[in-house]
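# A closer look at the structure
Below are the chains, spelled out letter by letter.
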Amino acid sequence: MNIPGDLAGLRSLTPWLPGRLAEGAPRIAVIGDVMLDGWWSGTSDRFCREAPAPVVDISRRDYAPGGAANTAMNLQSLGARVRLAGLVGEDEPGKRLRGLLAEAGIDLRQLHSHPAARTATKYRVQAGEQVLLRMDDGGNPVPAEAEEHLAASLAAWLQDADAVVVCDYGTGLLHGPVRAALEAVRGGVLTVVDAHDPGLWAGLGADIVTPNAQEAARLLGITLQPQADRARQITGYGRDLLRAAGAGSAVVTLDSEGTVLFTGDGSVHRTWARPASEKHASGAGDTFVACLTLARAAGLPLSTAADLAQNAADIVVQRAGTSVCSSADLALHLTALADTALTPEELAARVAADRAAGKRIVLTNGCFDVLHRGHTRYLQQAKALGDILVVALNGDDSVTRLKGPGRPINPVHDRAGVITALSCVDYVTVFDTDTPIPLIEALRPDIYAKGGDYSPEMLQETPVVRGLGGQVRILDYVADHSTTAVVERIQASPLRPDPVRPRQSTAPQQPVGPAPAGSGGGEEAGAGP
C-alpha cells in the first residue's frame, strides 16, 4: 500500500482527504455473511379481500449487495482493492449478487458457491415511502463442506492484505472451522470485527470491534434504559467491553445518535450523526465500518477515522435503499461543509428553533487555525455540556490582530470547513469583533465554554453570560498541544523546503502582545481554541 504523505497526526477532515486515501488503494479482505437486498416499490390504494392486508402494485424492483457484500461495495467505492470471501447458493439470487459484485470490480475468487446453500436475501416491499413488509430467506443451514473449503483457502487469501473485515451476522458460516482458521492465520494484519456477538471473536484479538448498543449491552450483561441517553449509559464500560471482546478498541454505534469510541488507553471519543430525512435507508453501519477500516489502514488516528466514517454514514442515510458512499461523494460532502458557516441571522433562527424544542445551547469561540488534538478533545467536551454546539470563528482580520503577522495560516473559509466536518459541531459562524460579546448577547447561550488555562474571572464574557442567565464552563487544559507549538515544529523541520513567509493582511497591524482575555487567545494555552 502506498499512502502519500504522513496521515498519522491528522486531526482535521478536509476535501482532499478521501482522494488521498483512495490513492493508496489498500488491499482489504472482507469475509462474512453476504446477502442480496431487494427493494420492490409500487403503489397501494386497496386492501385484499382475503385479509386486512394492503395490495401493492409493484412497478420497480431494485437490488443491491447487502451484509458483508455491502461492506465490500463501500470499500471498493472508497478506493480500496477489495477481495470478498463468503458463501452463496447456485440460485438466482446468488447469480444476481455475483453479477453486481463483479461489475463493481471486487475480487470474488473466495466467494464460494454450493448447490446445497441458499443465498441470504432481504426483500422489502414499499408503497410510496412506507415499507410495508420485509421478507428474509436463505442463509442457513450452512453446508459443512462449504465451511471446510472456505477455511482451507484463508491463509493464501490473507497473505498480502493490509486489513481484514469480519462481518458476522449470525448465519453460522463463521462459527466453526472458518473462525479457527482466521485465528490461526491473522498475523499482524489490521483486523476489524463487525459481529452480532463480538464475544465469540475474543480469541481473534481484533484491533477494532464495532457492536451496536444492544450488542454491546448483551456482551456486558447490562440492560440499557430505553428513554435514557445510550451513550452516557455505555461510556463507563469501555474497559469491560474491550476485555469481553478481546479487542484493542471498540466503536459502539448508536444509529441516529452517532458512536462512542473506546481505546485501550482509556480514552473516549464521541461522534454525532447529522439529522437524516430518509427513513428507509439501509446499510449505513456497513458504510461506517468500511470507511473506518480504510482510514485506519491508511494510518489515520482512530478518532479522526471515526469522524470521517461518521460523515460517510451521514451521506448514505440521506438516500433510499441500500446505498454506498464513494470517495467522490465524501470529498463533495466535505467541500460542501466548507460553505456552511452561518450568517448571524441564519444562526439566530436555527438556535431559536432548537431552543423552542427544549435543547440546551453551548457556545464557544476561537481561531482554530491549525487543528490539533487539544482542539478536538476540547470540542468533544463542549458538545457533551448540552445538545447544540455553536462554534464562533475569529475572522481572518481578527486573527491577525490577535496573533500578529503571518496568522492565520488557514483562511476562515478553510477553518470553517474543517470545524464543520467534526461531528460534534452543529453550527459554525464567523465574527470579526475583538470579543464574542455581541454574539453572546444575540444568542443567549445556556453555556459558554472556554478551554486552556482560563478561569471565569479572566474572561470579559463572564458577566455578560451570567447576566443573561447562562453558565461559564472552563474545560480541560491539554499540555503540549497548541497551535504555536505546531507551527514552531513545522518551521524547525529540516524537511521544510522554504521558509514560511508571513502572509500579507489588509488589516491594520498592531503590536504583538498578550491576547485580550476571552478573545481567542486560549488557542496558545492548550485545549482552548
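As a reminder, the structure under discussion sits directly above these lines.
Heads up: these notes are all about the structure in this document. Keep in mind it's a predicted model, so treat the numbers as computed, not measured.

For helix 7 (residues 213–220), the full list of buried residues reads Ala-213, Glu-215, Ala-216, Ala-217 and Leu-220. As for helix 7, its buried residues are in contact with strand 9 (190–195), helix 8 (230–235), helix 9 (238–245) and strand 11 (249–253). In this structure Asn-212 caps helix 7, since a side-chain oxygen of it lies 3.2 Å from the backbone nitrogen of Gln-214.

Running from N to C, helix 10 (residues 284–297) and helix 11 (residues 302–316) cross one another at 145°; their axes reach a closest spacing of 8 Å. Note that helix 10 runs across helix 11; the crossing there is right-handed. Between helix 10 and helix 11, the residues in contact are Ala-284, Thr-287, Phe-288, Cys-291, Leu-292, Ala-295 and Arg-296 and Leu-302, Ala-305, Ala-306, Leu-308, Ala-309, Gln-310, Ala-312, Ala-313 and Val-316, respectively. Classifying every residue of the contact of helix 10 with helix 11 by side-chain character gives 13 nonpolar, 2 polar and 1 charged.

Relative to the elements of secondary structure, Ile-222 occurs in the loop between helix 7 and helix 8. Between the C-alpha atoms of Ile-222 and Tyr-237, which are 15 residues apart in sequence, the distance is 9.8 Å. Setting aside anything within four residues of it in sequence, one finds Ile-222 in contact with Ala-217, Ile-234 and Tyr-237.

Let us now look at the packing of aromatic side chains. Applying the stated criterion across every chain, the model contains 2 aromatic pairs. Clustering of aromatic rings is evident, with ring pairs tying together Trp-40, Tyr-63 and Tyr-123. The positively charged end of Arg-61 is found above the aromatic ring belonging to Trp-40, 5.2 Å away from the centroid. Sitting above the plane of the Tyr-63 ring, Arg-96 keeps its charged end 4.0 Å from the centroid.

Unfilled space is identified by rolling a water-sized probe across the atoms. For the coordinates displayed, the defined rule picks out 2 cavities of 30 Å³ or more. When its volume is computed, the largest cavity comes out at roughly 90 Å³. Contributing to the lining of the largest cavity are Gly-32, Asp-33, Val-34, Leu-87, Arg-118, Thr-119, Ala-120, Gly-139, Val-142, Thr-171 and Leu-173. Each residue belonging to the lining of the largest cavity can be placed in one class, and the counts come to 5 nonpolar, 4 polar and 2 charged. By volume, the second largest cavity is sized at about 40 Å³.

Further remarks concern the sheet that holds strand 3 (residues 54–67). With mixed pairing, 4 strands are arranged side by side in an open sheet as 3-2-6-7. Strands with a single pairing partner mark the edges of an open sheet, and in this sheet they are strand 3 and strand 7 (130–137). Strand-to-strand twist across the sheet, computed as the mean angle between neighbouring axes with direction ignored, equals 20°. With 8 bridges joining them, strand 2 (residues 34–47) and strand 6 (residues 120–127) adopt parallel strand pairing. When the sheet's bridge partners are listed, Asp-37 is paired in strand 6 with Lys-122. On the sheet, helix 2 (residues 68–77) packs against strand 2 and strand 3 and is oriented at approximately 65° with respect to strand 3.

The next subject is the pattern of salt bridges. A complete count under the given rule lists 21 salt bridges for this structure. With a shortest N-O distance of 3.0 Å, Arg-83 and Asp-160 are connected by a salt bridge. Remark: Asp-160 occurs in the loop between helix 5 (154–158) and strand 8 (163–168) and Arg-83 occurs in strand 4 (residues 81–89); sequence separation between them is 77 residues. Among the salt bridges present, the one from Asp-396 reaches Arg-415, with a minimum N-O distance of 2.8 Å. Linking Asp-396 in helix 15 (residues 396–403) with Arg-415 in helix 16 (residues 412–420), this pair joins segments that are 19 residues apart in sequence. Arg-415 carries the same exposure label as Asp-396, and that label is buried.

Glancing now at unusual backbone geometry. The peptide bond linking Asn-140 to Pro-141 adopts the cis configuration, its omega dihedral lying at 5°. A positive phi angle is found at Asp-255, which is not glycine, with a value near 55°. One can find Asp-255 in the loop between strand 11 and strand 12 (259–263). Phi is positive for Phe-368, which is not a glycine, with a value near 45°. Within the element layout of this structure, Phe-368 appears in the loop between strand 16 (361–366) and helix 14 (373–384).

Parameters and conventions
- Residues numbered from 1 in each chain as written.
- Predicted model: local features only at pLDDT ≥ 70, side-chain atom pairs only at ≥ 80, totals over all residues.
- Heavy atoms only, no water.
- Buried < 20%, exposed > 50% of the residue type's maximum accessible area, 1.4 Å probe, protein only.
- Helix = DSSP H or I, 4+ residues; strand = E, 2+ residues; numbered from the N terminus.
- Contact = heavy atoms within 4.5 Å.
- Polar contact = N/O pair within 3.5 Å; in protein donor to acceptor, adjacent residues only side chain to side chain.
- Axes fitted to C-alpha atoms, helices over the stretch in contact; angles between N-to-C directions.
- Left-handed = near helix turned anticlockwise from the far one by under 90°.
- Nonpolar A, V, L, I, M, F, W, Y, C, P; charged D, E, K, R; others polar.
- Phe/Tyr/Trp six-rings, centres within 6.5 Å; stacked < 30°, edge-to-face > 60°.
- Lys NZ or Arg CZ within 6 Å of the ring centre and 35° of its normal.
- 1 Å grid on protein atoms, 1.4 Å probe; cavity = no way out; pocket = protein on both sides within 12 Å on 5 of 7 lines; lining within 4 Å.
- Points joined across faces, edges and corners; volume = space filled by probe spheres on them.
- Pairing = 2+ DSSP bridges.
- Salt bridge = Lys/Arg side-chain N within 4 Å of Asp/Glu carboxyl O.

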